[in-house]
Amino acid sequence: MELDLWTQSLVTAMTALWTKVANFIPNLFGALVVLLLGFVVAKLLDTLLSKLLAKLGLDRLMGGTGLTKLLSRGGIQVPISTLVGKIVYWFVLLIFLVSAAESLGLERVSATLDMLALYLPKVFGAALVLLVGVLLAELANGLVRGAAEGVGLDYAAGVGRIAQGLVIIISISVAISQLEVK
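Thresholds applied
Residues numbered from 1 in each chain as written. Predicted model: local features only at pLDDT ≥ 70, side-chain atom pairs only at ≥ 80, totals over all residues. Heavy atoms only, no water. Salt bridge = Lys/Arg side-chain N within 4 Å of Asp/Glu carboxyl O. Helix = DSSP H or I, 4+ residues; strand = E, 2+ residues; numbered from the N terminus. Buried < 20%, exposed > 50% of the residue type's maximum accessible area, 1.4 Å probe, protein only. Patch = residues over 30% accessible without salt bridge, like charges linked within 9 Å, V, L, I, M, F, W, Y side chains within 5 Å. Areas by Shrake-Rupley, 256 points an atom, 1.4 Å probe, with all protein chains shown as cover. Axes fitted to C-alpha atoms, helices over the stretch in contact; angles between N-to-C directions. Parallel < 35°, antiparallel > 145°, perpendicular 65-115°, else oblique. Left-handed = near helix turned anticlockwise from the far one by under 90°. Contact = heavy atoms within 4.5 Å. Nonpolar A, V, L, I, M, F, W, Y, C, P; charged D, E, K, R; others polar.

A. Fine view of the pattern of salt bridges. The final tally for this structure, using the stated rule, is 3 salt bridges. With a closest N to O distance of 2.9 Å, glutamate 180 and lysine 122 form a salt bridge. Within this pair, whereas glutamate 180 is found in the segment after α6 (156–179), its partner lysine 122 is found in helix α5 (residues 107–150), the two being separated by 58 residues in sequence. Of the residues examined, glutamate 180 reaches a relative accessible area of 48% and is grouped as partly exposed. The exposure class assigned to lysine 122 is partly exposed, which follows from its relative accessible area of 26%. Linked through salt bridges whose partners overlap, the residues forming this network are Lys43, Asp46 and Lys86.

Next comes the structure, spelled out in structure tokens:
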């Protein structure tokens, strides 16, 4: 009698476990399909966008602004069109990762990835503000130094550097406000 009760409890536990596994397998398969689709879509967008931007002359245009030289000083040796393609790749992949986590019922992971996906445009905006700020700071340095030399100031280079520093400080302030850091 006691053995039957024990066997019945074991069978009930195994049935419950199997039911959970059997219900999880379709969700796992769905998540894998979503991830595979995400990789394909992200790679396709990366390739198409990189080639389109390169054909439109973005690399040449950014090289003329000094952005390519600035990025190479920061250790980024790829063309701007490729960099934009890679950023889009990871952003699209992140969106598909959120969907896959949701299909697996991983609410915390999904919520965290969702918050990251919603915050990334702010990070890119702040980076763009900083980038434009650095370019404008270089321009301000050249203009102020040229004007100071034109009026015969001995410390024209120092005045140009001060103008450059002020523009960078303003750019950093705007970038921080873009990030909504509190």
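B. Representation of a nonpolar patch on the surface within the structure. Residues Trp6, Leu10, Met14, Leu17, Trp18, Val21 and Ile25 make up a contiguous nonpolar surface patch of about 760 Å² in total accessible area. Residue position: valine 21 is located in helix α1 (residues 2–55).

C. Structural view of the packing of helix α4 (residues 80–103) against α5. Contact geometry for α4 and α5: axes closest at 8 Å, N-to-C directions at 160°. Here α5 runs roughly antiparallel to α4, going by the angle between their axes. Both α4 and α5 take part in a crossing whose hand is left-handed. Facing α4, whose interface residues are Ile87, Phe91, Leu94, Leu97, Val98, Ala101 and Glu102, α5 presents Val109, Ser110, Leu113, Asp114, Leu116, Ala117, Leu120, Pro121 and Phe124. The class makeup of the residues in the contact of α4 with α5 is 13 nonpolar, 1 polar and 2 charged.

D. Structural context of the packing of α5 against α6. At a closest axis distance of 7 Å, the pairing of α5 and α6 adopts a crossing angle of 165°. As judged from the angle between their axes, α5 and α6 are roughly antiparallel. With respect to the hand of their crossing, α5 and α6 are arranged in right-handed fashion. When the residues that make up the contact of α5 with α6 are grouped by side-chain class, the tally is 20 nonpolar, 7 polar and 5 charged.

On their own, these measurements won't tell you what the molecule is for.
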